Amino acid sequence: MTLPQERSYTYADLMDWDGETRYELYNGQPVALASPSRTHQEISGALFFQLYNYLRDKKCRVYAAPFDVCLFAEEKDQPEDIETVLQPDITVICDPEKLTDHGCSGAPDLVIEILSPSARRRDRLTKFDLYQRAGVREYWIVDPEAQIVQVHLLEDGRYYSPAAYNSRAAVPVKVLEDFHMDLTQVFAQS
């Protein structure tokens, strides 16, 4: 479905659209999402599996795409007020008040994006900026080709990158106490 770009769309519009195409909204402008590759799905599943097992009996929750994140939504906002909606590959939310029937309202605690050819620039620049401005405390960019995870931590409203981790590392997850992501399990089959 091709959409005219002359007008601005909202989350209410997005929720009304039929079809199998998934969209994200960037300040009212829709962007269609390509289907993920097999490698992308394997990496996403491995990340989700480790997070899910760790969080099973804890307050925080993990969600895999498709899962709507209304980054800048406030409590009083209605769907017709929301113009930025993203679908991160993996989302961790520790505040149950942010969870809605459709996803997350406000900034998650951790977002993980897995790079793909069609979204590489968007994940590294556009989403980086949006997550930083919204206050996402930890943002990971996973590069399947290089088998590297770049971690960005929020401090004083800005991201800094303490390290990049290779496929043999155990990555500390700062927003989750005492948890390390085993990348040997993430990149094992890709």
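Residues numbered from 1 in each chain as written. Predicted model: local features only at pLDDT ≥ 70, side-chain atom pairs only at ≥ 80, totals over all residues. Heavy atoms only, no water.

**A look at the sheet that holds strand S3 (residues 61–64)**
Ordered in space as S3-S5-S7-S8-S9-S10, the 6 strands form an open sheet in which the pairing is mixed. Every other strand in the sheet has two partners, leaving S3 and strand S10 (158–166) as the edge strands with one partner each. When strand polarity is set aside, the average angle formed by the axes of neighbouring strands in this sheet is 15 degrees. The strands touched by helix H2 (residues 38–55) within the sheet are S3, strand S5 (90–93), strand S7 (110–114) and strand S8 (138–143), with S3 carrying the most contacts at an inclination of about 165 degrees. Sheet strands in contact with helix H3 (residues 120–134) are S7, S8, strand S9 (148–155) and S10, and its direction is about 175 degrees off that of S8. (Pairing = 2+ DSSP bridges. Helix = DSSP H or I, 4+ residues; strand = E, 2+ residues; numbered from the N terminus. Axes fitted to C-alpha atoms, helices over the stretch in contact; angles between N-to-C directions. Contact = heavy atoms within 4.5 Å.)

**Looking at the packing of aromatic side chains**
This model, assessed by the stated rule, comprises 9 aromatic pairs. Considering the side-chain rings of tyrosine 139 and tyrosine 159, the 6.2 Å spacing of their centres and the 35 degrees angle between planes classify their relative orientation as tilted. Here tyrosine 159 lies in strand S10 and tyrosine 139 lies in strand S8, a separation of 20 residues in the sequence. For the pair tyrosine 139 and tyrosine 159, a shared accessibility class is recorded, and that class is buried. Three or more aromatic residues link up through ring pairs in this structure, and these residues are Phe128, Tyr131, Tyr139 and Tyr159. One residue, lysine 58, lies across the ring of tyrosine 54, its end atom 4.3 Å from the ring centre. (Phe/Tyr/Trp six-rings, centres within 6.5 Å; stacked < 30°, edge-to-face > 60°. Buried < 20%, exposed > 50% of the residue type's maximum accessible area, 1.4 Å probe, protein only. Lys NZ or Arg CZ within 6 Å of the ring centre and 35° of its normal.)

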